[in-house]
Amino acid sequence: MKSAGITVILIGIAVAGFAGYEGLKWLQKQNQPTAADVTKQVDAVRAEATQKHPGMSQTDAMKKVAAAKAADTMRETSPGQRSKVAAEAVFGAYFMNTRVRQAHCRQLGVEIAGFASAYERIHAEELAKAKAIYAEQGRSPEEFATLLGPAMQRMVEQDMRDIAQGRGMSPEKTCTAFNDNADAFARAIQLPAAIRQALMAG
């Protein structure tokens, strides 16, 4: 099997993890999806979230829809594949929060290396488990980062806008808040329960 595909599209919205779906199709076909495939699936989650939760911010609505889909995905995935799916979720969250969010804030002139470091430290157990799962498959997490990069950038931008609007803060001050409250933000970003359970059981 060349790739587990995108069983979990994106994880890491600011105040809680969220996961996508559709990866089962790629798991069954054993094909490697493209960046365009990822964007298409993220857009599908966005559209469903807008329809089902019109009164929520886009970030919270997507988080709610995708977390439910993550649980569905775990139920439908064979036991032997669940830990691989969960490892992808972990790396999705990791790259989104330590690279993409940091790059976004850096473009605004704010450095949030403290938040990135806190995220890696607080989620060290999950990261270590995910790295071990990837090593067993002879895979590199970097393939996931490349694949999800464009979609993660869009999600971080939306996420930071929602947080800024919700707190009545400028984009720059929102980035500063992440760094000033690094541990609190990092602890608040959690994998959906079904994903973490599958990861640690693998």
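Sequence positions are assigned chain by chain, starting from 1 and proceeding in written order. Totals for whole chains, interfaces and linings use every residue, but because this is a predicted model, local features are given only for residues with pLDDT of at least 70 and side-chain atom pairs only at 80 or more, for both listing and counting. Calculated side-chain values reflect all of the structure's heavy atoms, with hydrogen atoms and water omitted.

A.B. asks: Explain the overall build of the protein to me, please; I cannot follow it from the model alone.
C.D. replies: When its secondary structure is counted, the protein shows 10 helices and zero strands. In sequence order, the protein lays out its α and β elements as α-α-α-α-α-α-α-α-α-α. Burial classes: relative accessible area under 20% of the type maximum marks a residue as buried, over 50% as exposed, and values in between as partly exposed (1.4 Å probe, protein chains only). When burial is assessed residue by residue, the protein has 51% of its 202 residues classed as buried. Across the protein, every contact between residues at least 6 apart in sequence was considered, and the portion connecting residues at least 24 apart equals 74%. Element-wise, carbon and sulfur atoms account for 51% of the exposed surface of the protein, whose accessible area totals about 9100 Å². Every helix listed is a DSSP run of H or I at least four residues long, and every strand listed is a run of E at least two residues long, numbered separately from the N terminus. A contact between two residues is defined here by any heavy atoms of the two lying within 4.5 Å. Surface accessibility in these figures is a Shrake-Rupley result with a 1.4 Å probe; residues are shielded only by whichever protein chains are displayed.

A.B. asks: Just checking my understanding: could you explain the state of the cysteines for this structure?
C.D. replies: Each disulfide consists of one covalent bond between the sulfur atoms belonging to two cysteines. When two cysteine sulfur atoms lie within 2.5 Å, the pair is treated as a disulfide. Taken as a whole, this structure holds one disulfide when the rule is applied. The disulfide partner of C105 is C175, and the gap between their sulfur atoms is 2.1 Å. Here C105 and C175 share a disulfide; its torsion about the S-S bond, -85 degrees, makes the bridge left-handed. In this pair, C105 is assigned in helix α4 (residues 79–107) and C175 in helix α8 (residues 171–180), connecting sequence segments 70 residues apart. When its relative accessible area of 0% is taken as the criterion, C105 is described as buried.

A.B. asks: Is there a simple way to think about α4 in this case?
C.D. replies: Because the α-helix completes a turn every 3.6 residues, residues three or four places apart line up on one side. Each residue after the first adds 1.5 Å to the expected span of a helix. Taking 1.5 Å per residue as the helical rise, α4 with its 29 residues ought to reach 42 Å, and the 42 Å between its terminal C-alpha atoms agrees with that figure. Of all 29 residues that make up α4, 21 are buried, and the element is covered over most of its length. Where α4 ends, the next residue or the one after it, G109, has phi of about 85 degrees, a positive value.

A.B. asks: How do you make sense of the pattern of salt bridges when you look at a structure like this?
C.D. replies: A pair is scored as a salt bridge if a Lys or Arg side-chain nitrogen falls within 4 Å of a carboxyl oxygen belonging to Asp or Glu. With the rule as written, the count across this model stands at eight salt bridges. Note that R139 is salt-bridged to E88, the shortest N-O span being 3.3 Å. Of this pair, R139 sits in the loop between α6 (124–137) and α7 (142–167) while E88 sits in helix α4, and the two are 51 residues apart along the sequence. Taking the relative accessible area as the measure of exposure, R139 reaches 12% and is therefore buried. Note on E88: relative accessible area 0%, which makes it buried.

A.B. asks: I tried to follow the nonpolar core on my own but got confused; where do I start?
C.D. replies: Grouped burial of nonpolar side chains is what soluble globular proteins tend to show. Side-chain atoms within 4.5 Å are what join buried Ala, Val, Leu, Ile, Met, Phe, Trp, Tyr and Cys residues into a set we call a nonpolar core. Grouped together as the largest cluster of nonpolar side chains are 46 residues, with contacts concentrated most on F115, M160, I195 and L199. Of the residues forming this core, the biggest block, 12 residues, is contributed by α4. Residues within four places of M160 in sequence aside, it is in contact with R101, H104, C105, T174, C175 and F178.

A.B. asks: Whenever I open this one, the packing of α4 against helix α5 (residues 113–122) confuses me. Can you help?
C.D. replies: The relative placement of two packed helices comes down to the angle between their axes together with the axis-to-axis distance. Note on geometry: axes are lines fitted to C-alpha atoms, helical ones only across the stretch in contact, with angles between N-to-C directions running from 0 to 180 degrees. Two elements in contact, α4 and α5, have axes whose closest approach is 9 Å; the angle formed by their N-to-C orientations is 170 degrees. Relative to α5, the element α4 lies roughly antiparallel. Two secondary-structure elements touch here, α4 through A93, Y94, N97, T98, R101 and Q102 and α5 through A113, F115, A116, Y119 and E120. Only Asp, Glu, Lys and Arg are considered charged in this grouping, and only Ala, Val, Leu, Ile, Met, Phe, Trp, Tyr, Cys and Pro are considered nonpolar; every other residue, Gly among them, is considered polar. For the contact of α4 with α5, a count of residues per class yields six nonpolar, three polar and two charged. Every angle not falling under 35 degrees, over 145, or within 65 to 115 is termed oblique; those three ranges are roughly parallel, roughly antiparallel and roughly perpendicular.

A.B. asks: Please clarify how empty space enclosed by the protein should be interpreted in this entry.
C.D. replies: Rolling a probe over the atoms, with the probe sized like a water molecule, indicates the empty space that remains. A 1.4 Å probe that fits but cannot get out identifies a cavity on a 1 Å grid over protein atoms alone, an open set with protein on both sides within 12 Å along at least five of seven lines counts as a pocket, and a residue lines either if it has an atom within 4 Å of a point. Grid points are joined across faces, edges and corners, and a volume is the space filled by probe spheres set on the points. As enumerated under the stated definition, the model contains one cavity of 30 Å³ or more in all. Taken as a whole, the largest cavity spans an internal volume of roughly 30 Å³. Taken together, V90, A93, Y119, H123, E126, I189, Q190 and L191 make up the full set of residues lining the largest cavity. Taken together, the residues of the lining of the largest cavity sort by class into five nonpolar, two polar and one charged.

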